[in-house]
Amino acid sequence: MINKLVVANLKHRPVRTLLSVLAIGVEVTMMLTLVGLSEGMLEDSARRARGVGADIIVRAPGTSLMSLSSASMPQKLMDFFAGQPHVALAAGTVVHPIGGVNTVTGIDLDEFNRISGGFKYISGGPFRRPDDIIVDDFYAVQNKLSVGSTVNLMNRNWRVCGIVEPGKLARIVIPRATLQDLAGATGKLSQIFLKLDTPAHTNQVIAALKEKLPDYQMYSIEELTSLYSVSNVPGLSAFIGVIIGLSIVVGFLVVFLSMYTAVLERTREVGILKALGASPGYVLGIVFRETVLLALAGSLLGIVLTYGSRWLIMTLVPASLTQKIVPAWWPIAGAIAVFGALIGAMYPAWKAARQDAIEALSYE
Amino acid sequence: MSNGELVIQARDVRKVFRVGDVEVHALRGVSLDVRRGEFVSVIGPSGSGKSTFFHILGGLTPPTSGSIHIHGKDLRAMSEADRTELRKKEVGFVFQKYNLLPTLTAADNIAIARHIAGTEDGDDRQFREVLGLLGISGRLGHKPAALSGGEQQRVAIARAIVNRPSILLADEPTGNLDTENSAAVLALLRDLNARLGQTILMITHNPEAAAYGSRTVEMRDGRIV
Ligand SMILES: Nc1ncnc2c1ncn2[C@@H]1O[C@H](COP(=O)(O)OP(=O)(O)OP(=O)(O)O)[C@@H](O)[C@H]1O
Ligand SMILES: [Mg+2]
């Protein structure tokens, strides 16, 4: 019965109800999209790192895994690694930022093909000239590129020679020597991938290598991909926290205003309920139930909107952003929305519950 | 009927409202006995304290002094929670207008009173009996806005008595109605009183309406004369 009243009340003011639900929906989408982007992009990076097919990654001393490191390892290290026990193959890359979250990676194609089994070309083929560029399908679609197109990166024109399936190392690759020249890092590498003859020996090999090169950062690829998590990206957890905080504030304000006006316009109804013997708790219950219903409807809408935002991202900028749908966060975002809404409803509910019945009934 | 048990026993009830520095003496010593099954009409000029007296009887507000027993329960000793309980079980209210919850249908307006009292799942016979007396069985699915004033008042009366209260307090129930609708509402009250033995107190300004009651008391300046 009380639920009937709650639903009837919400239906009585459809525009206010829809706007409240929409606002909570946007609040929930905001959280879910951010989390989905964070996890999506990290997963994408992890997938590309695994796609290289290596067992160990080596980086220069003092670099951080999550930030770009300039090319600072001497290329001669490759020969050293190649001579170590169990190391079957080595491939060195140079990574260069080109703004935003995008990077260009310089590779030696032969070396890379040996370690990874090679790119799968959707169209075109390997580098033939120093200014050739290989991009993955997402990047090609986003920038409307086809084989033979010209791309301007780092103030230079490049010719697209191949478009490949995504998921290996990087979205944009160019010949290593060209990038080393451009970045002023001739003979230097950002990272070295090692492939072992027996992957089961990975940990022993890392231990042995660390004894010889104690300052260098070495991770198994498994370890590396497990490090691609929200908590390991500097500032990301704090950023998500701030967005969640803002979401709670938005939910609080929307529900506060919505329920406050609802309670004001229902002064007389509250008086009637009290004359019928409704306790303050009963009145409180009605307001809170309405609030929870609004928040749950908003959460559902927010989840649906998340699919919309993912579709938008996939359609417009598939190469720059990857949004994952994270169902594990649905109940969390829903609970946050309900929590913010309940705080917002607190004052209106209290005001309704302690309303004097006679005053309410003489109110016209 | 007048030798039934005492349902209302009010002795020297006073009510003083303080508005800023001014004291308004709304009730100046009201004493009244009402027995089970009586239909009492309360008349008197505007401002004589009729509504205030009803609000006290119904536990909407406490008296300043004096003693009141409803069905043997002492109102003076009641906490806010006790008065809520009293409104739930012992008294039913009908007001002059805007009695119904506008978002619910007539039937649901009645049902919510049962829900509040916790008698929802109880015997449905009394519910149907009341609905039968209303004479608007075909319009119970409508919302208040689609009902005439008389129909709304009859629904409000049904809601007020659906939990079988000891007393029904009706404050000018026909004050807002035309002659025809007034007659229907008054007839309903008379039926309830005659057939179910419902004890009723009704405030009215209209002598014709007052004549429906079995007894009339008059208030003036906060007293019964
Ligand atoms: N909440 C209140 N605060 C201050 N004064 C009040 C309050 N309620 C009633 N009064 C005063 O108490 C007196 C009695 O009012 P009451 O409403 O009981 O009269 P009434 O007999 O019902 O009048 P009417 O026939 O106009 O309805 C009036 O002078 C009124 O102004
Ligand atoms: Mg009055």
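What this report covers is the structure whose coordinates are included nearby. All figures in this text were calculated on a predicted structure; none of them were measured in a lab.

Helix and strand counts for chain A come out as 13 helices and 12 strands. Taken over C-alpha atoms, the radius of gyration comes to 29 Å for chain A, far larger than the 21 Å a tight globule of 364 residues would show. Looking at chain A as a whole, 51% of its 364 residues qualify as buried. Carbon and sulfur atoms make up 62% of the accessible area of chain A, which amounts to about 16,400 Å² in all. Put simply, chain A has 31 plus and 26 minus side-chain charges, and the middle of one group is 5 Å from the middle of the other.

A separate point is the packing of aromatic side chains. All names here are of chain A. Evaluated as defined, the whole model comprises 10 aromatic pairs over all chains. When the ring of F256 is compared with that of Y260, the centres are 5.7 Å apart and the planes differ by 10°; the resulting orientation is stacked. Of this pair, F256 and Y260 both sit in helix α9 (residues 236–265), 4 residues apart, which is roughly one turn of that helix. Assessed through its relative accessible area of 24%, Y260 is described here as partly exposed. Through successive ring pairs, a cluster of aromatic residues spans F252, F256, Y260, Y347 and W350. In this structure, R156 is placed above the aromatic ring of W158, and the distance from its NZ or CZ to the ring centre is 5.0 Å. Lying over the aromatic face of W350, R354 brings its terminal NZ or CZ to 4.8 Å of the ring centre.

Let's shift gears to the pattern of salt bridges. Any two side chains of opposite charge can pair, on the condition that their charged atoms come close. Residues and elements named next belong to chain A. On inspection of all chains with the given rule, the structure shows 26 salt bridges over all chains. D131 is paired through a salt bridge with R129; the nearest N and O atoms lie 3.3 Å apart. For D131, a relative accessible area of 21% puts it in the partly exposed group. Because the salt bridges share partners, they merge into one network encompassing E39, E43, D44, R47, R48, D136, R171 and K324.

A few words now on helix α6 (residues 179–196) of chain B. The first and last C-alpha atoms of α6(B) sit 25 Å apart over 18 residues, in line with the 26 Å expected at 1.5 Å per residue. Positive backbone phi, at 70°, marks B:G197, one or two positions downstream of α6(B).

Turning our attention to unusual backbone geometry. Of all residues except glycine, most have a negative phi; of all peptide bonds, most are trans. All names here are of chain A. For K144, which is not glycine, the phi dihedral falls at a positive 50°. Relative to the assigned elements, K144 resides in the loop between α5 (137–142) and β7 (150–153). Even without a glycine there, the phi angle at L169 is positive, about 65°. Among the structural elements, L169 can be located in the loop between β8 (156–164) and β9 (172–175). A relative accessible area of 13% places L169 in the buried class.

All names here are of chain A. Remark: α9 packs on helix α11 (residues 280–316), axes separated minimally by 11 Å, with the N-to-C direction vectors making an angle of 140°. Looking at the two axes, α9 sits oblique to α11. Crossing handedness for the pair α9 and α11: right-handed. Contact residues: V255, S258, M259 and V263 in α9; V287, E290, T291 and L294 in α11. Across the contact of α9 with α11, the residue classes tally to 5 nonpolar, 2 polar and 1 charged.

What follows concerns the site of ligand 1. Residue and element names in this part refer to chain B. By nearness alone, 14 residues border ligand 1, and S46, G47, K50, S51 and T52 come closest of all. In this structure, an oxygen atom belonging to ligand 1 sits 2.7 Å away from a side-chain N or O atom of S51. At a separation of 2.5 Å, an oxygen atom of ligand 1 approaches a polar side-chain atom of T52. Within the complex, 62% of the 630 Å² of free accessible area of ligand 1 lies under protein. Elements that contribute at least two residues to the shell around ligand 1 include exactly β1 (6–19), β2 (22–35) and α1 (50–57). If you tally residues by element for the shell around ligand 1, the top one is α1, at 3 residues.

A word on the nonpolar core. Counting 113 residues, the largest nonpolar core has B:L57, B:I110, B:I112 and B:L201 as the members making the most contacts within it. B:L201 has contacts with B:I8, B:L32, B:V34, B:V40, B:F54, B:L57, B:L168, B:L169 and B:A170, leaving out every residue within four places of it along the chain. Grouped together as the second largest cluster of nonpolar side chains are 37 residues, A:V58, A:V94, A:L153 and A:L196 included.

Glancing now at the interface of chain B and chain A. Counting residues at the interface gives 24 residues for chain B and 22 residues for chain A. When chain B packs against chain A, close to 2,200 Å² is buried across both sides, 71% of that on carbon and sulfur atoms. Interface area lost by chain B to chain A is led by B:L101, B:T103 and B:I116, which between them contribute 25%. The tally of links from chain B across to chain A stands at 1 salt bridge. The salt bridge partner of B:D108 is A:K4, with a shortest N-O separation of 3.0 Å. Where chain B meets chain A, there are 4 residue pairs in polar contact (both at pLDDT 80 or more). Mapped onto the side of chain B that touches chain A, the elements with two or more residues apiece are α2 (80–89) and α3 (106–117) of chain B. Per-element accounting of the side of chain B that touches chain A gives the leading share, 6 residues, to α3(B). Partitioned by chemical class, the residues of the side of chain B that touches chain A number 12 nonpolar, 6 polar and 6 charged.

What counts and what doesn't
Residues numbered from 1 in each chain as written. Chains lettered and ligands numbered in written order. Predicted model: local features only at pLDDT ≥ 70, side-chain atom pairs only at ≥ 80, totals over all residues. Heavy atoms only, no water. Helix = DSSP H or I, 4+ residues; strand = E, 2+ residues; numbered from the N terminus. Rg over C-alpha atoms; globule rule 2.2 N^0.38 Å. Buried < 20%, exposed > 50% of the residue type's maximum accessible area, 1.4 Å probe, protein only. Areas by Shrake-Rupley, 256 points an atom, 1.4 Å probe, with all protein chains shown as cover. Lys, Arg positive; Asp, Glu negative; His and termini not counted. Charge placed at Lys NZ, Arg CZ, Asp CG, Glu CD. Phe/Tyr/Trp six-rings, centres within 6.5 Å; stacked < 30°, edge-to-face > 60°. Lys NZ or Arg CZ within 6 Å of the ring centre and 35° of its normal. Salt bridge = Lys/Arg side-chain N within 4 Å of Asp/Glu carboxyl O. Expected span 1.5 Å × (residues − 1). Axes fitted to C-alpha atoms, helices over the stretch in contact; angles between N-to-C directions. Parallel < 35°, antiparallel > 145°, perpendicular 65-115°, else oblique. Left-handed = near helix turned anticlockwise from the far one by under 90°. Contact = heavy atoms within 4.5 Å. Nonpolar A, V, L, I, M, F, W, Y, C, P; charged D, E, K, R; others polar. Near = heavy atom within 4 Å. Polar contact = N/O pair within 3.5 Å; in protein donor to acceptor, adjacent residues only side chain to side chain. Core = buried A, V, L, I, M, F, W, Y, C linked by side-chain atoms within 4.5 Å. Buried area = accessible area lost by both parts, 1.4 Å probe.

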